[in-house]
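# Analysis of the macromolecular model
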Amino acid sequence: MKELFSDILGIEDVKGVILFSLDGKVLFSEFISSQYFNPEERDWGPFIKILAGIREADFSFEKCRFYFRGTSSHFLMVIMDIFAPVSMVRLNCDLLLPSLNQTAKSKGLGQFFKRKK
C-alpha cells in the first residue's frame, strides 16, 4: 500500500499520511520523519464520527495543516506544513481515491472466486 501513497508523500512539505476505516481504525500510516506520534496509540473513532459525511476538510494550526478526504469506505488524513501546495495534495488525492476504493472492494472472499477468462 505504501506505493499508492508515494506521490502524496513526495510532495514538498508533506509530512505524512494516515488512512482510516470508517470506524476509526488506522489501516495505514507513513511519515517522512520519525518525530511524529504513533497513530495506532490513539482512539480515532470519535474524531472520525464527527467527520462522517464530510467529503473534504482542511484544518490549519500554528505550524501544521491537516487535509482530510472522505470516501464511502475510508478517511484519508494528510499532515503537512503550512506552506505545502494544497492543490497538489488535492489533485493526488483525486487520483488515489479510486484505487483505494477498488482495493477495498477486491478484498474478502470474493477474491478467491474470480472467473477465469
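My aim in this report is to walk through the structure given alongside it, one point at a time. Computed from a prediction, not measured in an experiment: that's the story for all the values here.

### So, the sheet that holds strand β4 (residues 65-70)
What the 5 strands build is an open sheet, ordered β2-β1-β5-β4-β3; its pairing is antiparallel. Strand pairing shows two members of the sheet lacking a second neighbour, β2 (26-31) and β3 (56-60), which therefore form its edges. Adjacent strand axes in the sheet meet at a mean angle of 10 degrees, parallel and antiparallel pairs treated alike. Pairing analysis gives 5 bridges linking strand β1 (residues 14-21) to β2, with the strands arranged antiparallel. Its bridge partner being in β2, G16 is matched across the sheet by F31.

### Overview of the layout of surface pockets
In this structure, the largest pocket spans a volume of roughly 170 Å³. Along its surface, the largest pocket is lined by F37, R42, D43, W44, F47, F59, F61, F66, F68 and M77. Considered class by class, the residues forming the lining of the largest pocket number 8 nonpolar, no polar and 2 charged.

### Considering the packing of aromatic side chains
For any pair of aromatic rings, the description rests on two quantities: the centre-to-centre distance and the angle between the ring planes. As enumerated under the stated definition, the model contains 6 aromatic pairs in all. Taken together, a centroid distance of 5.0 Å and an interplanar angle of 50 degrees make the contact between F20 and W44 tilted. On the criterion of sequence distance, the pair formed by F20 in strand β1 and W44 in the loop between β2 and α2 (45-50) is long-range, its members being 24 residues apart. Pairing W44 with F47 gives two aromatic rings, centres 6.2 Å apart and planes at 65 degrees, and the pair type is edge-to-face. Residue W44 is classed as buried on the basis of its relative accessible area, which comes to 12%.

### Describing the pattern of salt bridges
Across all of its chains, the model carries 6 salt bridges by this definition. Notably, a salt bridge pairs D23 with K25, separated by 4.0 Å at the nearest N-O pair. For K25, a relative accessible area of 54% corresponds to the exposed category. We note a salt bridge from R69 to D94, for which the minimum N-O separation is 2.5 Å. Here D94 lies in helix α3 (residues 86-106) and R69 lies in strand β4, a separation of 25 residues in the sequence. Looking at R69, the relative accessible area reads 4%, which means it is buried. Among the residues examined, D94 registers a relative accessible area of 36% and is labelled partly exposed.

Parameters at a glance
Residues numbered from 1 in each chain as written. Predicted model: local features only at pLDDT ≥ 70, side-chain atom pairs only at ≥ 80, totals over all residues. Heavy atoms only, no water. Pairing = 2+ DSSP bridges. Helix = DSSP H or I, 4+ residues; strand = E, 2+ residues; numbered from the N terminus. Axes fitted to C-alpha atoms, helices over the stretch in contact; angles between N-to-C directions. 1 Å grid on protein atoms, 1.4 Å probe; cavity = no way out; pocket = protein on both sides within 12 Å on 5 of 7 lines; lining within 4 Å. Points joined across faces, edges and corners; volume = space filled by probe spheres on them. Nonpolar A, V, L, I, M, F, W, Y, C, P; charged D, E, K, R; others polar. Phe/Tyr/Trp six-rings, centres within 6.5 Å; stacked < 30°, edge-to-face > 60°. Buried < 20%, exposed > 50% of the residue type's maximum accessible area, 1.4 Å probe, protein only. Salt bridge = Lys/Arg side-chain N within 4 Å of Asp/Glu carboxyl O.

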